Amino acid sequence: EGRWFAVRVAPLGTHGLVLVLAEDLTESRRVEAMRRDFVANVSHELKTPVGALALLAETVEGAADDPEAVRRFSGRMQHEAVRLTNLVQDLMTLSRVQGEEPLPEVRPVALDEVIAESLDRSQIRATSKNIDLGSGGATGLKVRGDEELLVTALRNLIDNAIAYSPENTRVVVSTRCCDDDGDGQPQVELNVTDQGIGIPAGELDRIFERFYRVDPARSRQTGGTGLGLAIVKHVATKHHGTVSVWSEEGHGSTFTLRLPLLTTRPPDGPTPEEPD
Ligand code: ADP
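The notes below deal with the structure included here. (Residues numbered from 1 in each chain as written. Predicted model: local features only at pLDDT ≥ 70, side-chain atom pairs only at ≥ 80, totals over all residues. Heavy atoms only, no water.)

Let's talk about the overall build of the protein
Here's step 1: Along its length, the protein carries 6 helices and 9 strands.
Here's step 2: Relative to the globule expectation of 19 Å for 276 residues, the C-alpha radius of gyration of the protein, 25 Å, shows a markedly less compact shape.
Here's step 3: Relative to its 276 residues, the protein shows a buried fraction of 34%.
Here's step 4: In the protein, 66% of the contacts between residues at least 6 apart in sequence involve partners at least 24 apart.
Here's step 5: Roughly 17200 Å² of accessible area belongs to the protein as shown, and the carbon and sulfur atoms make up 53% of that amount.
Here's step 6: A gap of 5 Å separates the mean positions of the 30 positive and 43 negative side-chain charges of the protein. (Helix = DSSP H or I, 4+ residues; strand = E, 2+ residues; numbered from the N terminus. Rg over C-alpha atoms; globule rule 2.2 N^0.38 Å. Buried < 20%, exposed > 50% of the residue type's maximum accessible area, 1.4 Å probe, protein only. Contact = heavy atoms within 4.5 Å. Areas by Shrake-Rupley, 256 points an atom, 1.4 Å probe, with all protein chains shown as cover. Lys, Arg positive; Asp, Glu negative; His and termini not counted. Charge placed at Lys NZ, Arg CZ, Asp CG, Glu CD.)

Put into structure tokens, the structure is as follows:
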């Protein structure tokens with residue numbers, strides 16, 4: 001792969017001297033190509049449910065005198081509409097978190113509440129597959145951030161754990177505190193562990209990319225948008241944290257969200273002087 005340069009030549013004075021300016025375009029070309037790919041992917045993902053809806057609407061019209069068929073096709077229309085809504089919702093969340101700018105509203109967030117809220121919202125899905133959804137580990141911890149985004153991230157990990165696991169298994173959210181990031185900043189870990197299908201080693205570094213799926217058919221069948229882990233990655237970054245994965249194919253996966261712990265230690269600085 002070569003590198004691309006824009007070269008500008010400007011004459012300097014009257015002595016035949018020229019100024020040559022070279023600008024490296026490799027990065028901007030790469031960004032532009034990624035943007036183009038993303039728009040193509042979004043269009044494709046939108047086209048599928050919209051096309052299905054149009055076709056189903058036509059079919060329902062033709063089956064007006066068969067109530068059973070109308071019921072069946074309406075159900076499928078609802079399914080496609082939900083898919084479309086999820087996709088638009090995820091696209092909006094992604095656009096909120098993937099930019100460079102810092103989060104507009106950050107405040108102390110209790111992780112116990114983030115976990116309780118996420119488990120609550122995912123419980124119906126777990127119950128429908130008879131999956132035992134539980135939590136454990138350290139409690140009473142806080143981070144600085146946006147509670148709604150943290151719930152979204154944790155929920156994406158829990159929903160994936162449920163989606164890619166067989167019935168009658170366990171999904172556990174466990175909290176661990178506190179490793180040091182090497183800079184004196186304690187880190188808290190949220191681990192989501194499942195006993196599901198796992199991820200092939202060769203795919204592990206790609207699953208956080210937008211629209212990347214190990215098995216596209218399976219992802220669509222479970223209502224996945226292919227954006228969940230990209231959102232988790234950006235939410236982690238926005239909170240000065242990371243997300244990582246450990247997995248063994250056929251046995252299960254653990255996703256780890258690592259965030260800087262909010263400590264109550266006063267900020268370093270000169271001690272105020274005592275009045276005389
Ligand atoms: P999707 O909407 O397809 O689930 P994600 O971005 O959330 O999109 O995940 C990307 C892909 O990573 C999934 O399609 C799936 O192949 C894989 N994946 C994510 N979580 C798990 C998990 N807990 N177990 C197995 N595979 C997973």
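What about the environment of Asn191?
Here's step 1: Residue position: Asn191 is located in strand 7 (residues 186–194).
Here's step 2: When the C-alpha positions of Asn191 and Asp112 are compared, they lie 13 Å apart, and in sequence the two are 79 residues distant.
Here's step 3: Not counting residues within four places of it along the chain, the set of residues in contact with Asn191 comprises Val172, Val173, Ser174, Thr254, Phe255 and Thr256.
Here's step 4: A polar side-chain atom of Asn191 sits 3.3 Å from a polar atom in the side chain of Glu189.
Here's step 5: A distance of 2.6 Å separates polar atoms of two side chains, one belonging to Asn191 and the other to Thr256. (Polar contact = N/O pair within 3.5 Å; in protein donor to acceptor, adjacent residues only side chain to side chain.)

Regarding the state of the cysteines
In a disulfide, the sulfur atoms of two cysteines are covalently bonded to one another.
Here's step 1: Evaluation of the coordinates by the stated rule reveals 1 disulfide.
Here's step 2: Covalently, Cys177 is tied to Cys178 through a disulfide, its sulfur atoms 1.5 Å apart. Every disulfide takes its handedness from the sign of the S-S torsion; for Cys177 and Cys178 that torsion is 70 degrees, giving right-handed.
Here's step 3: Judged by its relative accessible area of 32%, Cys177 is partly exposed.
Here's step 4: Take Cys178: its relative accessible area is 38%, and that puts it in the partly exposed class. (Disulfide = S-S within 2.5 Å.)

Re unusual backbone geometry
Here's step 1: A cis amide bond links Cys177 with the next residue in sequence, Cys178, at an omega value of -10 degrees.
Here's step 2: With respect to the helices and strands, the residue Cys178 is situated in strand 6 (residues 170–180).
Here's step 3: Even without a glycine there, the phi angle at Asn130 is positive, about 55 degrees.
Here's step 4: As for its position among the elements, Asn130 is in the loop between helix 3 (111–128) and strand 4 (132–137).
Here's step 5: Exposure remark for Asn130: the relative accessible area of 52% places this residue in the exposed category.
Here's step 6: At Asn168, a residue that is not glycine, the phi angle is positive and equals roughly 60 degrees.
Here's step 7: When you line up the elements, Asn168 lands in the loop between helix 4 (147–163) and strand 6.

Some remarks on the sheet that holds strand 7
Here's step 1: Across the sheet, which stays open at both edges, the 5 strands sit in the order 4-6-7-9-8 with mixed pairing between neighbours. Both edges of this open sheet fall to strand 4 and strand 8 (242–248), since each of them pairs with a single strand only. Strand-to-strand twist of the sheet, defined as the mean angle between neighbouring strand axes without regard to direction, takes the value 20 degrees.
Here's step 2: With 6 bridges connecting them, strand 4 and strand 6 associate as parallel partners. (Pairing = 2+ DSSP bridges. Axes fitted to C-alpha atoms, helices over the stretch in contact; angles between N-to-C directions.)

This is a description of form; function is not addressed.
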